[in-house]
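Secondary and tertiary structure notes
One-letter residues, chain by chain:
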Amino acid sequence: MLRLHAPQVLGALVRRYGHFDTAEDAVQEALLAAAAQWPEDGVPGNPRGWLIRVAARRLTDALRAEEARARREKTALRLAPREVRAAPADDDTLTLLFLCCDPVLPPAGRIALTLRAVGGLTTAEIARAFLVPEATVAQRISRAKAKLRAAGADHPFHPPGPADRDARLASVLQVLYLIFNEGYTATSGPALHRAGLAREAIRLTRAARRLLPRDGAVTGLLALMLLTEARSAARTGPDGELVPLDEQDRTRWDRAAIAEGTALVEEALAEGPPGPYQLQAAIAALHDEAPGPDTTDWPQILALYDVLLTKAPDPMAELGRVVALAMVEGPEAGLTALGALEPRFPESHRLPAVRAHLLERTGAHRAAADAYRAAARTTQSLPERRYLQTRAARLDP
């Protein structure tokens, strides 16, 4: 609950007061107070309102302490008696999203700051999502905050107008996509699926679509999330173990989500030339509509990957294309294509995991087991590590 409310509370304070850094500290203090008080006193009837009130008091106290000069003292005193207006939760969270995606920030800084402030991801999780060192992400966040301060983020923030909103939308959607990916397949920890984070990404994307109902990229991203999340119940076994796509019980897939996602794909493709999110959603729809792995339209998936890579070259899309190519032309063709991708995945478990799968299909069980173990040593996800180790043990006890 606290993780859900944190970005909404931070958005409310930033919208009213500005002072991003100080507001963020005040929200953390309010969350600590809630963690201490609510177990004993009970959760208040309006948890978000409670957090906003406590964080606002902490913020104005901090402003008084910091603003020694007379002008700033007067500003803090003027702000102190007034309550923060409780805007709808979507408004506050989207306000925070657009602030973190301010054009004054470089793209990497926008995404890292938003994942931290809105998504609640740790610096290590963001680093794994970007395939970059943790220290690099920490520097990006620190520099992004400094740029916001220099750009005037100490003042109340107003949501951008239509023209500015369109300029920021690409960064906002990329951030939501990364938040969803971290929720759907956690990069670390004991659980494969962080359902709350995935649901939050879907909720925020729905909110963005309410603001831009005719935008194909927004519609496509929502479709992609729904079609992917629809499989979540079948992705793990009774003990939390990973179940790969071709072994999943498809009767456990969420057919309502698949129907909604498929309809959104059709709508998104009708709204103009398809972009990366629309194309990825179309690929997800082909997987979800197939009764089983043997009836999946792999040639069409391969064709969609080819179009996707012409629009947005991306390592994960290239890896997905290798899998599709192997399903169409055989594992040897996939292994040949995989060799060219090695420089793109210097510290990721995903490439050796795909190599292991393809080697297993060729019958090279000893080499496949070695590749599975290499992938297991790299991943920070415990369910993925157990799955990879189990596959290795089956092939080479």
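For the structure itself, consult the block above.
So, here is what we can say about the structure in this document.

Analysis parameters
Along each chain, the written sequence defines residue order, and numbers are assigned to residues from 1. Whole-chain, interface and lining totals are the exception, using all residues; otherwise, since this is a predicted model, local features are given only for residues with pLDDT of at least 70 and side-chain atom pairs are given and counted only at 80 or more. Side-chain figures throughout are based on the complete set of non-hydrogen atoms in the structure, without hydrogens or water. To count as a disulfide, a pair of cysteine sulfur atoms needs to be within 2.5 Å. Think of it in three bands: with a 1.4 Å probe and only protein chains considered, a residue is buried below 20% of the maximum accessible area for its type, exposed above 50%, and partly exposed in between. Throughout this description, the term nonpolar core refers to a set of buried Ala, Val, Leu, Ile, Met, Phe, Trp, Tyr and Cys residues connected via side-chain atoms within 4.5 Å. A run of H or I in DSSP becomes a helix once it reaches four residues, and a run of E becomes a strand once it reaches two; helices and strands are each numbered from the N terminus. Working convention: axes come from line fits to C-alpha atoms, limited for helices to the stretch in contact. Angles between N-to-C directions cover 0 to 180 degrees. Note on angle classes: values under 35 degrees are labelled roughly parallel, values over 145 roughly antiparallel, values of 65 to 115 roughly perpendicular, and the remainder oblique. Left-handed describes a crossing in which the near helix is turned anticlockwise from the far one by less than a right angle; the clockwise case is right-handed. Should any heavy atoms of two residues lie within 4.5 Å, those residues are considered in contact. Following the grouping adopted for this structure description, the nonpolar residues are Ala, Val, Leu, Ile, Met, Phe, Trp, Tyr, Cys and Pro, the charged ones are Asp, Glu, Lys and Arg, and the polar ones are all others, Gly among them. A carboxyl oxygen of Asp or Glu within 4 Å of a side-chain nitrogen of Lys or Arg is what we treat as a salt bridge.

Digging into the state of the cysteines
- Evaluation of the coordinates by the stated rule reveals zero disulfides.
- This cysteine, C100, is not joined by any disulfide, and C101 carries the nearest cysteine sulfur, 6.6 Å off.
- C100 sits in the buried class, given a relative accessible area of 0%.
- Taking the relative accessible area as the measure of exposure, C101 reaches 0% and is therefore buried.

A short note on the nonpolar core
- If you look at the biggest cluster of nonpolar residues, it comprises 96 residues, and the most contacted ones within it are L13 and F20.
- Top contributing element to this core by residue count: helix 9 (residues 162-184), with 10 residues.
- Counting residues in each nonpolar core, the second largest holds 12 residues, with L359, A369, A371 and L388 among its members.

A short note on the packing of helix 11 (residues 216-229) against helix 13 (residues 276-289)
- At a closest axis distance of 8 Å, the pairing of helix 11 and helix 13 adopts a crossing angle of 30°. Classed by the angle they form, the pair helix 11 and helix 13 counts as roughly parallel. In this structure, the crossing between helix 11 and helix 13 has a hand that is left-handed. In this structure, helix 11 uses G216, A217, G220, L221, A223, L224, L227 and T228 to contact helix 13, whose residues at the interface are Y277, Q278, Q280, A281, A284, A285 and D288.
- Considered class by class, the residues forming the contact of helix 11 with helix 13 number nine nonpolar, five polar and one charged.

A word on the pattern of salt bridges
- Taken as a whole and judged by the stated rule, the model has 18 salt bridges.
- Notably, a salt bridge pairs K145 with E24, separated by 2.6 Å at the nearest N-O pair. Here K145, found in helix 8 (residues 134-150), pairs with E24, found in helix 2 (residues 20-41); they are 121 residues apart in sequence, far enough to count as distant. Grouping residues by exposure puts K145 and E24 together as buried.
- When the shortest N-O distance is used, the salt bridge between R350 and E384 registers 4.0 Å. Of this pair, R350 sits in helix 17 (residues 350-362) while E384 sits in helix 19 (residues 382-395), and the two are 34 residues apart along the sequence.
- Connected through shared salt-bridge partners, R366, D370, R373 and D396 make up one network.

Re the packing of helix 10 (residues 195-211) against helix 11
- Closest axis-to-axis distance for the helix 10/helix 11 pair is 9 Å, and the angle between their directions is 155°. Between helix 10 and helix 11, the angle is such that the two are roughly antiparallel. When the axes of helix 10 and helix 11 are compared, the crossing they make is left-handed. Residue-level contacts link A198, A201, I202, T205, R206, A208 and R209 of helix 10 to V218, T219, L221, L222, M225, L226 and E229 of helix 11.
- Class assignment of the residues belonging to the contact of helix 10 with helix 11 gives a composition of nine nonpolar, two polar and three charged.

Things to note about the side chain of Q280
- Looking at the element boundaries, Q280 is found in helix 13.
- In this view, Q280 contacts Y177, L224 and L308; residues no more than four positions away in its chain are not counted.

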